[in-house]
Each structure stands twice: as C-alpha cells, then as structure tokens.
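# Architecture and fold: a report
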Amino acid sequence: MCSPEEVALLRLEEVFSATLARVSSLVLQPLLLATPEPADARARECLRLLQQLHRSSQQLWEVTEESLRSLRERLRCPDAVGLDGLLLLRGADRILQAHVEYIEAYTGCVVVQAFQKAVKRSSEYWRGQRQALRQLLAGTGSEGAAGTAGTALAQVLRQPLAQHLQQYVLLLLSLSDTVGEHHPARELVVRAAALFGDLQLFMRQALDQAEATQALGPTLGGRLSDVLCTPAHRLLQDSQDVPVTVAPLRAERVLLFDDALVLLQGHSVHSFDLKLLWLEPGQDGRAFRLVTPEDEFSFCAKDPQGQAVWQWKVAQAVCQALRGKKDFPVLGAGPGPPEPPACRCGAYTFRGEGRLCQATYEGEWCRGRPHGKGTLKWPDGRNHVGDFCRGLEHGFGIHLVPQASEDKFECYKCHWREGSMHGYGICEYSTDEVYKGYFQAGLRHGFGVLESAPQAPRPCKYTGHWERDQRSGYGVEDDRERGERYIGMWQADQRHGPGVVVTQAGVSYQGTFQADKMLGPGLLLSEDDSLYEGCFTRDLTITGRGKVTFPNGFTLEGSFGGGAGRGLHAQGVLDTAALPPDPGSTCKRQLGRGVLPVESRWQGVYGPFQDFVQAGCPGELQEGLLGFHVQSSRELRKSREYLCCDRTPHEDGPGSVEEMLEELLRHREPRALLQYLGKALSNALHPLGKLLRTLTLTFQATYAGVGANKHLQGMAQEEVKQHARELWASYRGLLRVALQRKGQTLEDEDAETRDLRVHGLVLPLVLPSFYPELFTLYLLLHEKEDGLYSQGIASLSLFPDTKLLEFLEVQKHLWPLKDLTLTTNQRHSLVRDKCFLSATECLQKMITTVDPREKLEVLEKTYREIEATVSRVLGREHKLPMDDLLPLLLYVVARARIQHLGAEIHLTRDLMDPSHAGGLYDFLLTALESCYQHIQKEDMRLPRPGRHQPWEAW
C-alpha cells in the first residue's frame, strides 16, 4: 500500500507540471514571439538567454512528467512497483540537473534584466496579462508583491519553482521518517531529501548573486558595466559592502566574482583568474596575501570580522572555480573551512617584462609558479614543453626555436636545471648539425658528439670533451673533406697539446699542436712504414734536424728542408748497414701510446656516472644518465602545436633505481654475477649498458673508417683493457651504494683480485662491442706476416698426409697410419687431411669466439686431442716432449688453414689474463706462435720433394 506522502508527491507533481505548461504558454512563448531579432549585441544576448530559459523550462517539464508517470504507476500497482522504482528517488540526479539548468538560465536573465527589457518592447501586451500573472502566482505568497510587469514576470518564473522545491523537501523528509531503517529504498529517500535541500540553498544563493551582479552595473558606469556585468560573472563580494585595502596596489574598489578577482584603480581594471589565485594567511591575523603568476597582494580589512569574510569568500570562490564555475553543491557547502589546493592546472599569458613577456603557459602550477608538466609558447613561435619547477624549466624538456627560414627550427631535447640546459641532451640545429651530449648552465660541457650533415660544405664529426661550449680536453675530430682524423687534446676549440693525425692517404703524424697547428718535434709515418723523427713547421713541412728510418732498415740522419714546389731536401748520413727488419717490427711503430695516457682519454664519459654514484644514485638523475627517446624534430616541424615530450618507459628498461640496486644485491655469487653483468651490459638503458654503448661509440669514432690504421693498434688494445677496468669500477660503485642503503660497507679488493675480475668477468663481456674495429687493426698490423703465412699454408697444403708428416720430420712411430702396410707410391696417393682430424677440427674453432680465454681453451683442447691421438697410436698414455709436440702442432696448424692466424695470436696475447703468464696457456700460445713464424719462412713457402726442413730453428 502506498503512503500518504507518495499520494501528496503525486498531487505536487501534477500541480507543478500544469504550472510549467501554463508558464510556457502564457509567458515564455509570448516573450520569444514578441522579441524580434535584435541588431545590437546586448539585445541579442538577452534573446539568447530567453531562448535558453525556454529550453530549460521544457526539459524541466519533460522530466517532471516522467516522474509523474512513475508515481502513477506506483499508486496503480504498489505490489508490482516498489518505492525504489520512483524516478524521483532512483533518478534524483537527473531531476536535480534539470532544476539546476533552469536556475542558471533564469539567473542569467536576471543579471542582464532580460525581463524588464522584454516588457518594454511590448508593455501594452503585458499590462493586459496582469490578471493571468496573478493567477499563476496564486498560492505562492507573492501575488501581492508583483509591482511592475517585469517584476511580475520574474516572480512568475521563479516563485512556483521555489515553492515546489520547498514542498519537495518537506514531503521527502516526511517519507524518510515513515520508511523503516531496513527498508531497501531508505537510502534513496534520504539521499533525495538531502539533494533537494541543497538545491534550495543553491537557488537562494544563485538568486542573491544574480541580483547583486545586476545591481552592480549602475555603480560602475557604461564601459565597466558592459565588461563586468555579464551572464558569465556572478558577484560574490564588493569592497563597498565590506571595506578592504590592497597593497602595494592602491585599489579603489575590489570585486570578487565567481571566476575572477577584479581590482579597480581609476580607469584601470586588473582582473585575476581565480583558478590561478593562491591565498596565504598573514601573520598578524588581520591580513592575508594573494599570489598570482606575476603579482602578490596583501589584503587587509578594518576589523577581524571583515577580514574573515573576505578570506572565507575568496577561498570558497577559488575552490568552486577549480571545481567548475557553476558547480553544485552551493558555494561554502561542506564541513570546515575551505583549503584550495596548492597544485592545480591552468593557462596564463604573462604580461610583465622579461623572458616570459607575452608567453603563454599551460599546465601544472604550484603557489603562483609553473610547477610540474606544462607547455610554454611565445608569440615568435618558440615553444617549450616539459617539466617546470618554481617557474623555471627544470627536468626534461623540449625547446623549439624557429629560424628566419620558414621550415627551419632548432630543437633542443634536453634536461634542464633552473631554466638552463643541464645534463644530457640532443640538439638539432638549423645548420643541420646535431649535438648529443652533456650541458651545463646552457652550454655544451662534458662529453658530447657534434656531427654535421653529410651535405654540409665541410662535413665533420667531433667526439670528445667540451668546456663552456668549446672543444677542450681529449677528443676525436673526423674531417671528411680532407680525409683525415685528429686524435688528441683540445683547448678553446682548437687542437692544442699532444695529438695524432691519420689520413686516408696512409700518412700519420704525431706531435704537439699549438693553436690548431702541429709545431716542433714529432713523428711522421708514411704508408710504406718509413718513419721520420724530427721537427715540423706549422704547415706540417719537415725542417731542421731529423732522422728517417726506411722499411728496409736503412736510416738517413741529418738536416731536412723544403718548400712549396721545391720538394724535400736532405743533407746527412745514409746508413745501409742495418739488416732488414723482420715483419713483426711494425708493431714497434705505434702512435699515441705514452703521449696520450689511456687513463685520461674518456673521463668525460665516466664523469656523469661517477657523479650519479657519488650522489647515492638519486632517482631524479637516472633519466639524465640513461638518456631518453623522443620524436625527431623533423616530425615536430610538421605540427608544432602538438609538441610533446612523453617518454614511455621501455619494457626492457632497468626500472627504478631501487629495483636496479636490489637486483644487483641478489646477484653477487660468481655464477649469478656473470649472468647479471651480461644482462646489464647488454641493456642499453641500464647504467652499465649505457656506459658500454657510449664507449663503443667513442671506439668506433676513433678507430673505424680513417682511424683503421695499423699504427693505432696499441692505443686501441690498451683502451679496451682500460674500459674493462673502468666498467668493473663502475659496477663496484653501484654495489657500494646498494650496500650503503642496507647499512653495510663494501670491502676493498686488492690489485690481484681486481685484475682477475676484470679479465675473467668483464673483458669477455665487453670485447664483442669493440671486436670488429680492434680485430681490423690487428689484421692491418700483421698483414705482411699473415701474407707470408698464407703462402706457406698454400704450399704445405699440396702435400698428402704422409708426405707432410715426413717433411715435418714427425717421428714415424707417432703416425696414426703406421698400422697400414704402404709403399712409398701408395703413401703419396692417400686421401688428404685425415691424420689428427679431431685436433684439426678443434683448432679451427679458435676463430668462432672473441674471448681470449676461450681461444686459449680451444688451444689447450687441441693439445689434448693431439696427445690422445698419439696415445691411441702407441697404445698407452703418452706425454709429448717439446721435440715431438712442435712438429705435430705444426702439422695440425697447416691442416687447420686458419686465416689471419697472426692477428688471432697477437690479439689473444695482448688481451690474455696476466695470471696465465708462465702457465700452460702461455706455453701453448708460444708454441702456436712458433709454428706461425716457422710457416712464414722461405723454406716452408717453397718446399721441394725430398728436401727435409731442419729443426734447429726451433
């Protein structure tokens, strides 16, 4: 059975629906029909507001009719339709929204006095409708208050709604009392009563604000009234009602609207968006400060009550403006005093002088300053998007600067600190040059790479250290136009100090540079390995005392001179008594070693990492250390308005610093450590992987292309070993930080343990990154030796097995073929390459790995295979003496036919673990080198049948 309250609600909805219909037909429709299309803007605004009021009235009627239908259905079938089926309860938000829209439309008309203006245009018609208007107001308590026709219209459009809401609340409260606490619809009833109670307050407040705004117009004058008294504004407080003084700006009048704070000073109007207004309580209790993006004001009232009114209303207005200017519930609702958030979002165009003049910032703010993520745009086309801190660019950001040419931009993708580029960045200049490296205080500083476009007039690339935007310290410049590369020291953008120049023509220089020119004593190495030691002029002309050592060992020592078009003149002593140098003598003619200490070459690469570790690996420095990925400036040029700098973390990234350090602590055991280092070094986003990737780039910049010069092999191999040492030290630095966070300390390690870790763990993992360029240098350095060796191998390959074994004087009782009865002719006709096949195949695996230790392990296994074969032939375990091992090893080397064996041997020797010196590996490598050298000899390269090679040379 339905309650009396439900019946009363039905009657209430029927009356209200009928009233809305009559208001629409008797008031709103005639208002619109009697209002022609106006010519001026203010009249058009009135018409628009009346049309909006008519639409909202129609929507309110439709939702009332729907509520009425649900009530009728409930009364007709109370058992089938529950209380929670009423639209008034289950759709309270929808009904509430229809009421709010009507109230907003009505108050907008009040502000611009739309009813009074409409009545003026058709006053005679409305005078005739007074009786009808009084009938509409009957029962509302306002029929006697209707004075003018305009006032009557306003009351007709307001009072029925106000009375309806009041009865709504009373009936819903009464219904909530009759419904039991456990009734399933009780919560809906209580909520609906609260919502419509708030709606009552909202309507009263909206009417008060609209009337105050409408009354403000006559006190301001025509121009200000047109600007401030608009439907978009609602006046909340006027300093004429509650006086307040503003310092330092002496405002004559202060107006607080629902979206702006306005200070009037003579003919000047200062308006401040409430969304970007911060309130800070004063210290004396009588004043409080207001902070805006460019100004700060002190507000002080005459008494504490006035101070409290202003402070409360400003805070409430700011809160509501941030929620939404016409938001519901009412202004000031909610428990406790309002506390506007310190951080918020908004847009603002700066007016004051300075670097932000006329710039528009849109993004996150905190206490009047850009703070967080945002976009800054200048009228001249400059854009900056990224992170801000206290009003300055701070963190990662992209800065786009247009150039005079229409399609030219300079793009700076960089980390910033306090408004200047600081940290790692990528800069694409309008000259088509690209810089990737570190900045400090807006200048290139630290390690960086500057590369010009291939089509530039003088294409070049610099990889090295910078100081205050100039090349200074150790660096490598590749001058592609001149076909030369400089490796050495710089100062103030010029080559200055010890350096090496290598050219495509094969000529190399080493000496001291001053003001970009080589001057004084130095070295010159020609393509045929002729070596000059002496003095040079600034244009690299040989002059003064010097010495030339020719490839055949002859020397010329004396005075040298020459000039343009005159050739080279020498006066001295030619010594032809020296013996021709052996092929390995070229390894002594290495450039850079000693004059360019390996410890100081690439400190600019390790510097940022060391700073990161010394600071305790803070998370905010992680991205600057790891680098980043953003879209290229070429894509930005197509759509500058959509410039963004979101960096999505890579799925293979190292994660947070805390996760990285935790993982490091979990992998300290030898086997786990090897696995961890391998994973970290192969991950280009891990700090260790980032170091290795950058070092690989420096290595390629130095030793690839023009730098593939055999005279740089010594520099390269000592650099690889130094990088392994530095990477191990870097790992130890991360481990120290991880332990410190756990309250532990890292034990010191001695030099022997460090070398063991470097050669046993790190070097095998990093060598593949440098191997292509490094091995190329070994190939070039030992090209002549490997050529002689290849000739020897080709000659020895003509022999069948038995003939080769005889030629090498291998003891016949060690031959695997001794169990066969063969004639001499049969021995010559045997199928080749079958003896010691397992050892031969094993040795061939030496070229399948780049790890020196694995190469030595292959060599050891080859030795074991040879011994195993001999033991099988002899039928007992047999240890080979040196006199037997060397011929057998020489046979296996000849059959293995390993290309560039000399380069393999010397690379393995140079990068071998020092702990293996004097051991089995050292012995076997020496034996292999002896075989290599023996094959190069002329008697080996030109063997003749029946001629045996004596072994005294061993």
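Residues numbered from 1 in each chain as written. Predicted model: local features only at pLDDT ≥ 70, side-chain atom pairs only at ≥ 80, totals over all residues. Heavy atoms only, no water.

### Here's the deal with the overall build of the protein chain
We count it as follows: Note on conventions: DSSP H or I runs of at least 4 residues are helices, E runs of at least 2 residues are strands, and numbering of each starts at the N terminus. Exposure categories follow from relative accessible area, calculated using a 1.4 Å probe and restricted to protein chains: below 20% of the type maximum is buried, above 50% is exposed, and the middle band is partly exposed. By definition, residues are in contact when any of their heavy atoms lie within 4.5 Å. Where accessible areas are quoted, they stem from the Shrake-Rupley method and a 1.4 Å probe; at the residue level, only the protein chains shown are allowed to cover.
Per the secondary structure count, the protein chain includes 28 helices and 27 strands. Looking at the protein chain as a whole, 51% of its 954 residues are labelled buried. When contacts within the protein chain are restricted to residue pairs at least 6 apart in sequence, those whose partners lie at least 24 apart make up 52%. Summing over all exposed atoms, the protein chain offers an accessible surface of approximately 45,000 Å²; the carbon and sulfur share of this is 51%.

### So, the pairing of strand S3 (residues 253–257)
Keep this limit in mind: Following DSSP output, two strands are said to pair if at least two bridges run between them.
Counted residue by residue, S3 has five buried out of five residues, so it is predominantly covered. Here S3 pairs with strand S4 (residues 260–265) via four bridges, running antiparallel. Looking at S4, one finds that valine 254 is bridged to leucine 263. Counting the residues that bridge the hairpin from S3 to S4 gives two residues.

### A look at the pairing of strand S14 (residues 409–417)
For a regular strand, the rule is simple: side chains alternate between the two faces of the sheet. Most of S14 sits inside the fold, with eight of its nine residues counted as buried. Pairing analysis gives six bridges linking S14 to strand S15 (residues 420–428), with the strands arranged antiparallel. In the sheet register, tryptophan 416 faces S15, and the bridge partner there is methionine 421. Between S14 and S15, which pair antiparallel and follow one another directly, the connecting turn spans two residues, one of which, glutamate 418, has a positive phi of 50 degrees.

### Considering the packing of aromatic side chains
Remark: the centre distance and the inter-plane angle together describe each pair of aromatic rings, the angle taken between the planes. Stated precisely, the cut-off is as follows: Ring pairs are drawn from Phe, Tyr and Trp, using the six-membered ring of Trp, whenever the two centres fall within 6.5 Å, and their geometry is named by plane angle: stacked under 30 degrees, edge-to-face over 60, tilted for the rest.
The tally for this structure, following the rule as stated, stands at 31 aromatic pairs. Plain terms: the ring middles of tyrosine 424 and tyrosine 438 are 5.4 Å apart, the flat faces sit at 70 degrees to each other, and that makes the pair edge-to-face. Remark: tyrosine 438 occurs in strand S16 (residues 434–440) and tyrosine 424 occurs in strand S15; sequence separation between them is 14 residues. In this structure, tyrosine 424 and tyrosine 438 share a single accessibility class: buried. A ring pair is formed by tyrosine 435 and tryptophan 466, whose centres lie 5.5 Å apart and whose planes are at 90 degrees; its orientation type is edge-to-face.

### A look at the sheet that holds S3
Worth spelling out the cut-off: Every axis in this analysis is a line fitted to C-alpha atoms, fitted for helices over the stretch in contact. Angles between the N-to-C directions lie between 0 and 180 degrees.
What the four strands build is an open sheet, ordered S1-S3-S4-S5; its pairing is antiparallel. Each end of this open sheet is capped by a strand with a single partner; those strands are strand S1 (235–238) and strand S5 (268–273). Sheet twist, expressed as the mean angle between neighbouring strand axes with direction ignored, is 20 degrees. Relative to S5, S4 is paired through six bridges, and the arrangement is antiparallel. Within the sheet, the bridge partner assigned to valine 262 lies in S5 and is serine 271.

### So, the sheet that holds strand S6 (residues 278–281)
One open sheet accounts for four strands, arranged S2-S8-S7-S6; its pairing is antiparallel. Unpaired on one side and paired on the other, strand S2 (244–247) and S6 mark the two borders of the sheet. Between one strand axis and the next, the sheet turns by 25 degrees as a mean value, whatever way the strands run. Where S2 meets strand S8 (residues 296–301), four bridges bridge the pair, whose relative direction is antiparallel. Its bridge partner lying in S8, alanine 247 is registered against serine 298.

### With respect to the side chain of aspartate 922
Relative to the helices and strands, aspartate 922 is located in helix H27 (residues 920–936). Other than its neighbours up to four places away in sequence, aspartate 922 contacts Arg909, His916 and Ala917.

### What about the side chain of histidine 759?
Within the element layout of this structure, histidine 759 appears in helix H19 (residues 751–781). Residue class for histidine 759 comes out buried when judged on its relative accessible area of 13%. Discounting residues that sit within four places of it in the chain, histidine 759 has contacts with Lys721, Pro764, Leu911, Met912, Asp913 and Pro914.

### With respect to helix H24 (residues 852–874)
Here is the rule we go by: Multiply 1.5 Å by the residue count of a helix minus one, and that product is the helix's expected span. Pairs of N or O atoms within 3.5 Å make up the polar contacts considered here, provided that, within protein, one atom can donate a hydrogen while the other can accept it, and that residues adjacent in sequence are counted only when both atoms are side-chain atoms.
With 23 residues, H24 should reach 33 Å at 1.5 Å per residue; the first-to-last C-alpha distance of 33 Å fits that figure. Of the residues that open H24, the one with a side-chain oxygen 3.1 Å from the backbone nitrogen of arginine 853 is aspartate 851. A positive backbone phi angle near 80 degrees is found at glycine 875, which sits one or two residues after H24.

### Re the confidence of the model for the protein chain
The condition is simple: What pLDDT expresses is the predictor's confidence in each residue, scored from 0 to 100.
The pLDDT averaged across the protein chain works out to 85; a share of 87% of its residues lies at or above 70. With pLDDT under 50 throughout, residues 636–642 is counted as low confidence; its partners more than four residues away or in other chains account for 12 contacts. Ignoring residues within four places in sequence, the model shows residues 825–832, a span with pLDDT below 50, making 19 contacts including any to other chains.

### What about unusual backbone geometry?
In the segment running from alanine 247 into proline 248, the intervening peptide bond is cis, with an omega of 5 degrees. Looking at where proline 248 falls in the secondary structure, it is placed in the loop between S2 and S3.

### Structural notes on empty space enclosed by the protein
To keep things clear, this is the line we draw: Every definition here rests on a 1 Å grid over the protein atoms only: cavities are sets of points where a 1.4 Å probe fits but cannot get out, pockets are open sets enclosed by protein on both sides within 12 Å along at least five of seven lines, and lining residues have some atom within 4 Å of a point. Grid points are joined across faces, edges and corners, and a volume is the space filled by probe spheres set on the points. Residue polarity is assigned by list, with Asp, Glu, Lys and Arg as charged and Ala, Val, Leu, Ile, Met, Phe, Trp, Tyr, Cys and Pro as nonpolar; anything else, Gly included, falls into the polar class.
According to the stated counting rule, one finds 11 cavities of 30 Å³ or more in the structure shown. Lining the second largest cavity we find His759, Gly760, Leu763, Asp851, Pro852, Arg853, Leu856, Leu911, Met912, Asp913 and His916. Only H19 and H24 provide two or more residues apiece to the lining of the second largest cavity. Its residues assigned to classes, the lining of the second largest cavity comprises five nonpolar, three polar and three charged.

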